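# Reading the structure
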Amino acid sequence: MDDIVVSLKNITKRFPGIVANDRVNFELRRGEVHTLLGENGAGKSTLMNILDGIYQPDEGEIYINGKLVEIKNPSDAMRLGIGMIHQHFMLVETLTVLENVILGLAEQGLYINKKEISKRIEEVSDRYNLCINPSTKIWQLSVGEQQRVEIIKTLFRGAQILILDEPTAVLTPQEVEVSFEIYKQMIEEGKSIIFISHKLNEVMDISDRITVLRKGKYIGTVDTDKITEKELATMMVGREVLFRLERKPHERKDKVLQVSNLKALDDKGLLALNGLNLEVFSGEIYGLAGVAGNGQKILSEAIAGLRKVIDGKITIAGKDLTNASASEIFAHGVSYIPPDRLKMGLVPNLSSVDNAILRRYYKPPIYNRHLINYSEAERYAKKLIEEYDIMVPREDAPVKLLSGGNMQKLLLAREISEQPKLLIAVHPTRGLDVGATEFVRRELLKQRDNGVAVLLISEDLDEIFMISDRIGVIYEGQILDTFDIKEAKIEKVGLLMAGMKSEREFSEQVCSTV
Amino acid sequence: MISFKGINPLAAYKALLIGAFGSTYTFSETIVAATPLILIATGLVLVFNMKFWNIGAYGQYIMGAIFSSYFALNVSPSVSPWILLPVMCVASIIGGAIWALIPAFMKLVWEVNEVISTLLLNYIALYILKYLMYGPWRNPTSHGFPLSKMFAANAQLPRIWPHTRVHLGIVFAIIIVFLMYFIIKKTRFGYETRVIGENSTAARYAGISIFRNTMLAMAISGGIAGLAGMAQVSGVIHLLQLEINPNYGYTAIIVAWLASLNPIAVLLVSILLGGIEAGGSQIQMMMHVPYGIVGVIESSILFALLGGEIFKTFRVKFRRRG
Ligand SMILES: Nc1ncnc2c1ncn2[C@@H]1O[C@H](COP(=O)(O)OP(=O)(O)O)[C@@H](O)[C@H]1O
Ligand SMILES: [Mg+2]
């Protein structure tokens, strides 16, 4: 009989207006990697927050090593050997690795000897190949390295059961592999891991067993070697999912966007674009891959006229629009789906009607002699809502009440309806469920087929490979290389995302910060 | 609070009510007090909707009074009121608008916090008024009191209700309320201000000019406050003096919030608070409690209001944790 270290029985957790977990069962054996799989909002984080003592279940029981327990807070969880690494790290940026680890211990009231702990951090780092130097400041570390510091912190607090909440969402493919090596090492030492993800290929790769949640409900638990990716997807989504979107061969025609030698600063005044060159043609999707923070946001803002550039040139359909205003650039046929729909693309407190007309409230027939014709505006909003099948409570309800998917549909519908020459889409499917994701991708393909030049900026490599015709990799404000989709290899793109030209360079890089 | 002084609070409130709405005369005084509140608060609604925290209606009101008084005191009494009064109106609007455009410009160009700059300008306006009242504009026969000469008949806004002090200003106020409602709800300018107020990043994204709209809105807001100042000197007191009740500029902030930034609601709330102002003097006479009690009542209202807001926001934040 296997050793069962965690058993959650019939856990129910309600939030106002939603049942985040509905009689969920979950079981973890000693020495296994058990994946919790589910779409965004399926209730994965909630369930694990219950195990970590952050939330209390409304119903259900928790057994640790066969004993019924009550976990009132994370300290309780720690005492039971449970440690969680959250989606958002909880490190103090201005302190060193050592100081952060000490902080973690101090919370538990443990005895602290700085020198000894520093030595032990080095030991642990060596043992797991983490390549972390205790005296480095957190802000100097990459996201992947910060994650490893979180792991060290948790190990130091004596965790035997590690919960990792979507650790790979922020990593490059190579960093993911490094992490997986670390997990395997921990398993060998008799620890057990709960791994949260919604990326099927990773899940198949790392886990021994998989538990699927859908809309808060427990769907089932399966052995990884007895199931296919496709079957898993069906369990997760509740219907068959198309893995490949149909694509017509692409006909690339005129050059719509030309960016040459572009330089621009970010909000902190640091050089974020460093002589970037880029061309996008009508009838193609150009997918720009890159780890967040390498200049993709700045680039999209510069093209859309929302950020001044300090050098270089932006030409749209043959016209020099460097440092033109946002409205001028929009008037020249550039639509923009910004990375954060609630911050920029939509006005959350205004109605669907007000949001639908944001791009044409100053054009007839909606605009008429200083006035806005609201019956026209409403007609227009209704048209978008029907055409794109957007679920709204009422047209005059604030858009913040819509689900993420429906907000994004409204934004997309509005931008596409302006019949742009160039469509910039930044993280267009971030945070959307599978249905809405598929819809958005299809819509981008449709635009491409209609001859629009699409610049797709995404953190999701699968998405980029699925719909792009050409793929470029951005790193530290430059495009390192561009591939035709037929020649693009995911490994190569992954390496470039980390700024490296070869495998060898990567393995050297992992420990280079020490 | 009132019971602290050993006076039956119910009786005091009753006196207040009678003072505000009890008789034709007291009701007319309520309208007189409500007039500047309606005007100023309506202007504030526009800029508060844009999240521009104009605390400067006080100073804009004073400047309106000063600018219009300049013409009232210097134009010959033989000029037709049909000319002089419109000139005074325009002057007051310009005076208030200038006083509002300064902080708007400072915020838009140098990112100077508007709460601080408008407050500062309030003091400057008050000092200008003091200087004029103790200096060049003082009536030589006022025995040292800080008063100007009486306005001639052609510089007085007509009274529209016999035997009371209710003047034409209330008609302006009502027209402006409905105009403002229309501007906010129906015009392109109103739409743009709404987008800016709710999400200035989205406004930038859509190419909406934050500079032009904020300047225009502040000019309107300050202009209306200036007009309120003119209505007060030309309609109620018929001279410029140190005591022209600039505190209306602060009370109007309370009005705008109590009215949830809706111009039509401003009308009703102003009459309510105007009633408290007017009734205040009544309690003072009948119950021998100080007039200051009016301030206490007003600030309690604001406090309850802010408290409610804080709890609302706080609860939302609290739930989102984790
Ligand atoms: N603190 C909270 N208050 C209210 N609703 C919440 C809270 N946390 C999560 N939810 C809701 O519960 C559902 C499940 O969320 P979560 O567990 O974060 O999903 P997952 O991690 O699988 O993406 C979502 O609909 C989410 O909006
Ligand atoms: Mg989650």
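Fair warning: this is a prediction, and the values are worked out from it, not measured in the lab.

Listed per partner, the contact involves 30 residues of chain A and 21 residues of chain B. In total, about 2100 Å² of surface goes out of reach between chain A and chain B, with carbon and sulfur atoms giving 59% of it. Applying the counting criterion to the chain A and chain B interface returns 1 salt bridge. The residue Asp354 of chain A makes a salt bridge to Arg194 of chain B at a minimum N-O spacing of 2.8 Å. At the junction of chain A and chain B, the tally comes to 15 residue pairs in polar contact (both at pLDDT 80 or more). Looking at the side of chain A that touches chain B, the elements with two or more residues in it are α10 (326–331), α11 (341–345), β18 (371–372) and α14 (404–416) of chain A. Looking at the side of chain A that touches chain B element by element, the count peaks at 4 residues for α11 of chain A. Taken together, the residues of the side of chain A that touches chain B break down into 21 nonpolar, 4 polar and 5 charged.

This next bit is on empty space enclosed by the protein. This model, assessed by the stated rule, comprises 3 cavities of 30 Å³ or more. Forming the walls of the largest cavity are Ala304, Leu306, Ala326, Ile329, Phe330, Val334, Tyr336 and Arg359 of chain A together with Tyr205 of chain B. Of the residues forming the lining of the largest cavity, the biggest block, 3 residues, is contributed by α10 of chain A. Partitioning the lining of the largest cavity into residue classes produces 8 nonpolar, no polar and 1 charged.

Time to look at the pattern of salt bridges. As a working rule, side chains carrying opposite charge can pair if their charged atoms are close by. Residues and elements named next belong to chain A. Enumeration according to the criterion identifies 39 salt bridges over all chains in this entry. Notably, a salt bridge pairs Arg470 with Glu284, separated by 2.9 Å at the nearest N-O pair. Of this pair, Arg470 sits in strand β21 (residues 470–475) while Glu284 sits in the loop between β12 (271–281) and β13 (285–289); the two residues are 186 residues apart in sequence, bridging distant segments of the chain. Notably, a salt bridge pairs Asp469 with Arg448, separated by 2.8 Å at the nearest N-O pair. Taken together, the residues Asp469 in the loop between α16 (461–467) and β21 and Arg448 in helix α15 (residues 434–449) connect sequence positions 21 residues apart. In this pair, the class of Asp469 matches that of Arg448, namely buried.

All names here are of chain A. Mapped onto the fold, Asn100 is located in helix α3 (residues 97–107). We classify Asn100 as buried; its relative accessible area is 2%. One polar contact links the side chain of Asn100 to the main-chain amide nitrogen of Val92, over a distance of 2.9 Å. Setting aside anything within four residues of it in sequence, one finds Asn100 in contact with Leu91, Val92, Leu95, Ile138 and Lys153.

Here is what the cut-offs are and how they apply
- Residues numbered from 1 in each chain as written.
- Chains lettered and ligands numbered in written order.
- Predicted model: local features only at pLDDT ≥ 70, side-chain atom pairs only at ≥ 80, totals over all residues.
- Heavy atoms only, no water.
- Contact = heavy atoms within 4.5 Å.
- Buried area = accessible area lost by both parts, 1.4 Å probe.
- Salt bridge = Lys/Arg side-chain N within 4 Å of Asp/Glu carboxyl O.
- Polar contact = N/O pair within 3.5 Å; in protein donor to acceptor, adjacent residues only side chain to side chain.
- Helix = DSSP H or I, 4+ residues; strand = E, 2+ residues; numbered from the N terminus.
- Nonpolar A, V, L, I, M, F, W, Y, C, P; charged D, E, K, R; others polar.
- 1 Å grid on protein atoms, 1.4 Å probe; cavity = no way out; pocket = protein on both sides within 12 Å on 5 of 7 lines; lining within 4 Å.
- Points joined across faces, edges and corners; volume = space filled by probe spheres on them.
- Buried < 20%, exposed > 50% of the residue type's maximum accessible area, 1.4 Å probe, protein only.

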